[in-house]
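Structural overview
Each chain, written out:
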Amino acid sequence: MSRVCDICGKGKMSGKTVSHANNKANRTYEVNLQTTTIDGKKVTACTKCIKTSRKGTK
């Protein structure tokens, strides 16, 4: 299973971790993916998409 949102396509991002001594090292930022049911279909979606889909149903 790839770590990509089924709705918006958001995936892994890269950046730097910076220490107190200003040393920089590469790191990856993973997406907060959750398995949920939206419109009767089981999808792997990021939390922002889940929140947005719940907003639209009110």
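Residues numbered from 1 in each chain as written. Predicted model: local features only at pLDDT ≥ 70, side-chain atom pairs only at ≥ 80, totals over all residues. Heavy atoms only, no water.

**With respect to the environment of Ser2**
Within the secondary structure layout, Ser2 lies in the segment before β1 (13–18). Distance from Ser2 to Thr44, taken between C-alpha atoms, is 9.8 Å for residues 42 residues apart in sequence. (Helix = DSSP H or I, 4+ residues; strand = E, 2+ residues; numbered from the N terminus.)

**Observations regarding the pattern of salt bridges**
A side chain with one charge can pair with a side chain of the opposite charge if their charged atoms come near. Under the definition given, this model contains 2 salt bridges. We note a salt bridge from Arg3 to Glu30, for which the minimum N-O separation is 3.7 Å. Note that Arg3 is positioned in the segment before β1 and Glu30 in the loop between β2 (24–29) and β3 (33–38), a separation of 27 residues in sequence. Arg3 gets classed as partly exposed once you look at its relative accessible area, which sits at 36%. We classify Glu30 as partly exposed; its relative accessible area is 43%. Residue Lys12 pairs with Glu30 through a salt bridge whose shortest N-O separation is 3.8 Å. One end of the pair, Lys12, is in the segment before β1; the other, Glu30, is in the loop between β2 and β3, with 18 residues separating them in the sequence. Among the charged side chains, a salt-bridge network with shared partners connects Arg3, Lys12 and Glu30. (Salt bridge = Lys/Arg side-chain N within 4 Å of Asp/Glu carboxyl O. Buried < 20%, exposed > 50% of the residue type's maximum accessible area, 1.4 Å probe, protein only.)

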